[in-house]
Structure formats: C-alpha cells, structure tokens
Amino acid sequence: MASSIEIMESNLTTSKNQEEKCELKPELDDNGSLKDDGDYPSGEFEFKKPGAWKSFVVKLRMLTVYPLQRVRKGSVLNIKLRGKITDQVKGRFSSGLSLPQICENLIKAAYDPRISGVYLHIETLKCGWAKVEEIRRHILDFRKSGKFVVGYAPVWHEKEYYIGCACEELYAPPSAYFSLYGLTAQASFLGGVLEKVGVEPQVERIGKYKSFGDRITRKNISEENREVLTTLVDNIYGNWVNTVSQSKGKKKEDIESFINEGVYQVEKLKEDGWITDIKYEDEVTSMLKKKLGIAEKKKLPLVAYKKYSKIRKWSLGLTGGKDQIAVIRASGSITRVGGSFFEPSSGIVAEKFIEKIRKVRESKRYKAVIIRIDSPGGDALASDLMWREISLLAESKPVIASMVDVAASGGYYMAMAAQTIISENLTLTGSIGVVSAKFNFGKLYERIGFNKETISKGQFADLYASHRSFRPDEEKLFAESAQNMYKRFRDKAASSRSMSVDKMEETAQGRVWSGSDAASKGLVDAIGGFSRAVAIAKHKAKIPQHKKVNLVEVSKQSLSLPQILFRMMTSATELNQLHDGFTSSGEVQARMDDGIMFQGSEGSSVADPIFSLLKDYLNFV
C-alpha cells in the first residue's frame, strides 16, 4: 500500500468568456434585502396578489388534483427545522430536510389560498450559515403575503435564533435549552498523536495559510491559521449582530452587551424582547386556534412539510412560461467515479455530473443553466474534468454558479468555469494552495512487529514508501512537484478572474474567505441566493424579469427499490463510514481543510492519517 497522501487545497479556477464578466458591488438595504446594483437584478421576491380570474382558475385546478395533494382551507403549514439540511431536492423515498423544498414550500404557501400561515418548529440545525441565510430570506418573503409566521424554539443557539427572529412571533417553553453566548471555531491537531504512535508526517506546504499541513505536523495553531479563523468568526458574528439588531430594532451595542452578559433565564429573553412570550407548545397551538377562529376542542389543521412538498406549483398557478432554465445541484465531496449498484457513492461523482452537463449542453430547450455548488472539494482530477465540461457548456449557454454553504478548493474550481459566480455573505470559499504529505510508519511498524519488504525498479519507484523517510533526491522531487502544482492552479485562477499573477498570489496562499470578502477580492461577482441566481440567468439569457421561466431540476435524487432496501439494512452500521476511510486512495485532493469546516458545515478529508494508519493495521492483521 502506498502510504503517501497528496493534498491540494486549491481554488482551482477556470477560464471563461471575459466579455460576460463584469464587476459587481453588492449592497443590502435597511432590511437586509439585496439591492439591484445596476449590473444585475437583485432577484428579490415581490408578492403579487392574484386577480379574480386567476383565483378562479386556481380553485378549479385544486379540484382536479389527487386527494393526497389536497389541503383543507384554513390550514397552517408546519415545518420542523431540525438537523441536517441538504441542498439536494429529495426524492419520494428520501428523508430529511431539503433547502430547495423548504424555500419552494414557503413560496407556494404565500400564494395558496388554503394556507393561513406558517408554524415553524425550530431546533438545533446541522448546516452552514449560507443555508440559514436562504431560509431566513424566504421567511421574510412569505411575510410579504400578509400571512402570519409563528416560531416555536425549545432548543436553539445563534444559528437557530437567526431564523427565529425573522418570524412575526417567537415562543419558547419555560425550560428551553438556549445559549446566546457568541461564536467559536476550532482547529484540531494530530501532531502529538502521530508522534506518540510512531508516525512521522513529511509535509511540503505551499501557501502560508495552508492549515492542513499544520493539522498533521503541529500541536497548536499557527498565527496564519489563527488569522483566517479569527476573520471568519468576526464576519459571521458581525453579520449576526447586524441582522438581529435590524430585526429587533435594537442597537448593535445592546445586542453585544446581552451576549456578553451570559443570560440563561428564559424570563430575561421575554423581558428584553428577544422572544414574544414563554409558552409550551400546546399553549402555542391553542393560541393559533384562537387566531384562526377554531374551537378549542377541535384539532389545529396542520399540514406537514413533507406532505406539502407534494403540492404541485401548477395547481397554484405558479408555473408557466416556455423558457426553461436547467438547475444542476452539486453537493458533497468530489470523487471521480461512482460506487456499486447497491452502494452508490454520495456527494459529487464526476462521471455522473459530466453526463448531466453534456445532456444540458446538447439540448436546445435550455436557455441558461444554474449550477448550485455546496462542496469543500475532493479529487483534483475529477474537479478538472468537471471544470472542462462546464467551460464547454458556458460557450453555448449562460452558466451561473450559485454557491451555498461551502464552495472551496475543488468546489470553487467548478464554479470558476461559470460566466458569473454568486455566493451568500457567509459562504466559505477560496483556498488556493497545495499541501503534499507522506507518512513514515517505520517506528510504528517496529513497535507492533510489522515488516514490509519492497522490490522496486526505477530511482523514484519507492518514493512513497511507508516504512522510511525521504532520501534527499526524493525530498527535492517531492517539493518541486508540489510547487509546480501550486503555480499551475494559481496561474489558472489569475487568468480566469482577469487578475495578474501577483494580485492572485495575494488572494491565494491557501486562504479561505467568506463570500463577502471573496467578492471584495474579485473571487465572487455578486452576493445573493438562488432567487438572485435565477434573476441573473434570465438577464444573461435576455429573458425579461417579469416573465415566468420553467426551472428544470436536472439532478433530483432517485433511488431504485433494491437500493432503498439495501440502504435500510446497512444504514445503522458505523463500519460503512470506516470502510470509506480505509479504502480511500492516495489520489490528489482539491479539498478545504476540515479545521475550517466549523459552525455545522460538512466535509471530511480522505487524507486523514488515522484512516491510513488503520488501513495499514487492518491489512497486517
């Protein structure tokens, strides 16, 4: 087994049509909504009350739908925001929350005459800040319809309150678990662990902000890594304070003072206006009944998120328009090839993604394409192959890259092929740099009595030998190879973003940026979510903003019945997760460091030395 791992954390950038690119200066209005910056439309939601004829047509359509797609008049849409939220559109047999379906449900409910309001049950979320921003924006958009939004939060922290404060009313039980104490980011280090078990990491780090090298060699945080994490925490914290102060009509100083006070009494939250009142859930339900004029003995007509997801937009008159825009979603770590029939690979599989891109490129019915990217990166070769296909697509159609929680390294590489890149304020992006690492397990092998003999032909055939350190000539080749790789990606990034190499060098160095900072550095063109991506796609395709378009989800998840049954039998075993780590190869990676993936963001490195260690050990026993 080759025990070397070469990690390339890079904003692998792309060349594109320079004429299509224009510099944007995104701004927010007093309510935190996107302004039209003059170059591209903001895509901000405008609620238009249906006229008499349209209302009549909608009622007729509601009579023709299947019984399972019907909703009682006066119903309340009930969405439980809890746990993991993915950017993928869920299939019929899929569980969990889907960001596009949450947002679509809120849009449908705004126009649905049968829906009186929304009741949000908010608990601990496992997603990044960009998804939270998107959900909050759609809650505010829904309120433009004049319908109520009531939130109930028994367990919450800053991220959950960020959504909760967008509600018209927010309630919590007397025993609520909550904390508004500020934000943290953590960086973990394996240097001491590897030293104790007899593993010597040999690392070539290109870029002073490359923290993955620190993770496996150091025992504490470097000043460069501290600088990156401090900046990110400052950006998220500042955005949170600004948004909450606007929402609650408080001064920023008062918000920070409250956080630093260390409040733990729910009564204090009510007293200072952070929540509407202290109520148990049954009391909130009774209040909603009274609001809707429903007798206390009767049941509140709640419509669950999953059921309402089946309501067709057609039945509400929200579809129409002949122009079609393709939406391709790319979420998770990047791999080049898929798994077996019964164990399909999760995340972004390049060969499958490329098939979708080619079909869209060959089709004449799509006027533009939106690629939604939520990825910390992965296989560098796979990233480059996808970049090539996106570049070819961009030569024939407008392509908009819309970043979600994370679009770093290989994820950013994909985005660079698009003509326009947009991100949320707190999207994690960037990371142009290279780290190459080899692990010497010689001392560990001695301790456990393990021996490995190698017969090789060629001066560098044994370059990645796991039982010894580099020879001087091998170390030189290793360093030069990493430096060459970094220069290629840095220069490619500079070319694609119309920057000089020296200017890109300042932005590169392996540094991860928030979306707003990336925009100021020229890595991102505009700030916004999916609605703005649609508006920009229409703009690029010369489709008037007032015209409806048909958004076609090209990457909707679908599993066959045998695959569903197989997953049900194996989903409970942790060995599957370990197996993924044991069978990971030493391929070059374009991946953001795990240490940056804080505040609920996702992703893990296939280059974890612990997995390599366990793999060798399992092979031995």
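Residues numbered from 1 in each chain as written. Predicted model: local features only at pLDDT ≥ 70, side-chain atom pairs only at ≥ 80, totals over all residues. Heavy atoms only, no water.

## Section: the nonpolar core
Reasoning step 1: Of all hydrophobic cores here, the largest spans 64 residues; its most connected members are Leu81, Leu120, Trp156, Tyr161, Trp240, Trp274 and Tyr308.
Reasoning step 2: Not counting residues up to four positions away in its chain, the partners in contact with Leu81 are Leu97, Ile102, Leu120, His121, Ile122, Glu123, Leu125, Ile135 and Ile163.
Reasoning step 3: Listed in part, the 51 residues of the second largest apolar core include Ile206, Leu393, Ala494 and Val552. (Core = buried A, V, L, I, M, F, W, Y, C linked by side-chain atoms within 4.5 Å. Buried < 20%, exposed > 50% of the residue type's maximum accessible area, 1.4 Å probe, protein only. Contact = heavy atoms within 4.5 Å.)

## Thoughts on the state of the cysteines
As used here, a disulfide is simply a covalent bond connecting the sulfur atoms of two cysteines.
Reasoning step 1: Taken as a whole, this structure holds 0 disulfides when the rule is applied.
Reasoning step 2: In this model Cys167 remains outside any disulfide bridge; the closest cysteine sulfur is found in Cys165, 8.3 Å from its own.
Reasoning step 3: For Cys167, a relative accessible area of 7% translates into the label buried. (Disulfide = S-S within 2.5 Å.)

## As for a positive patch on the surface
Reasoning step 1: On the surface, a cluster of positive charge is contributed by Arg92, Lys306, Lys307 and Lys310.
Reasoning step 2: As for its placement among the helices and strands, Lys306 is situated in helix H11 (residues 305-308). (Patch = residues over 30% accessible without salt bridge, like charges linked within 9 Å, V, L, I, M, F, W, Y side chains within 5 Å. Areas by Shrake-Rupley, 256 points an atom, 1.4 Å probe, with all protein chains shown as cover. Salt bridge = Lys/Arg side-chain N within 4 Å of Asp/Glu carboxyl O. Lys, Arg positive; Asp, Glu negative; His and termini not counted. Charge placed at Lys NZ, Arg CZ, Asp CG, Glu CD. Helix = DSSP H or I, 4+ residues; strand = E, 2+ residues; numbered from the N terminus.)

## Things to note about the environment of Leu229
Reasoning step 1: Position of Leu229 among the secondary structure elements: in helix H7 (residues 223-248).
Reasoning step 2: What makes Leu229 buried here is its relative accessible area of 5%.
Reasoning step 3: Remark: the alpha-carbon pair of Leu229 and Gln186, spanning 43 residues in sequence, is separated by 8.3 Å.

## Details of the side chain of Ser466
Reasoning step 1: On the secondary structure map, Ser466 appears in the loop between helix H15 (442-448) and helix H16 (472-496).
Reasoning step 2: Within the structure, the side chain of Ser466 is placed 3.1 Å from the side chain of Lys452, a separation counted as a polar contact. (Polar contact = N/O pair within 3.5 Å; in protein donor to acceptor, adjacent residues only side chain to side chain.)

## Section: a nonpolar patch on the surface
Reasoning step 1: Taken together, the side chains of Trp53, Phe56, Leu60 and Leu63 define a hydrophobic patch exposed on the protein surface, amounting to about 500 Å² of accessible area.
Reasoning step 2: Along the chain, Trp53 falls in helix H1 (residues 52-64).

## What to know about a negative patch on the surface
Reasoning step 1: A cluster of acidic side chains, namely Glu281, Asp282, Glu283 and Glu296, defines a negative patch on the protein surface.
Reasoning step 2: With respect to the helices and strands, the residue Glu283 is situated in helix H10 (residues 281-292).
Reasoning step 3: The class for Glu283 is partly exposed, based on a relative accessible area of 38%.

## Topic: the packing of aromatic side chains
Reasoning step 1: This model, assessed by the stated rule, comprises 16 aromatic pairs.
Reasoning step 2: With centroids separated by 5.4 Å and ring planes inclined at 25°, the aromatic side chains of Trp156 and Tyr161 adopt a geometry described as stacked. Of the two residues examined, Trp156 and Tyr161, each falls in the buried class.
Reasoning step 3: An angle of 35° between the planes, with centres 6.4 Å apart, marks the rings of Phe439 and Phe441 as tilted. Phe441 matches Phe439 in its accessibility class, with the two residues each being buried.
Reasoning step 4: Grouping aromatic residues by their ring pairs yields a cluster made of Trp156, Tyr161, Phe178, Trp240, Phe258 and Trp274.
Reasoning step 5: The residue whose ring lies beneath Lys291 is Phe148, and the NZ or CZ to ring-centre distance is 5.3 Å.
Reasoning step 6: The positively charged end of Arg511 is found above the aromatic ring belonging to Trp513, 4.5 Å away from the centroid. (Phe/Tyr/Trp six-rings, centres within 6.5 Å; stacked < 30°, edge-to-face > 60°. Lys NZ or Arg CZ within 6 Å of the ring centre and 35° of its normal.)

## Concerning the packing of helix H3 (residues 129-143) against H7
Reasoning step 1: In contact at an axis separation of 13 Å, H3 and H7 are set at 15° when each is read in the N-to-C sense. Considering the angle they form, H3 stands roughly parallel to H7. By crossing handedness, the relation of H3 to H7 is classed as left-handed. On H7, the residues touching Trp129, Glu133 and Arg136 of H3 are Ile236, Asn239, Trp240, Thr243 and Ser247.
Reasoning step 2: The residue inventory of the contact of H3 with H7, partitioned by class, reads 3 nonpolar, 3 polar and 2 charged. (Axes fitted to C-alpha atoms, helices over the stretch in contact; angles between N-to-C directions. Parallel < 35°, antiparallel > 145°, perpendicular 65-115°, else oblique. Left-handed = near helix turned anticlockwise from the far one by under 90°. Nonpolar A, V, L, I, M, F, W, Y, C, P; charged D, E, K, R; others polar.)

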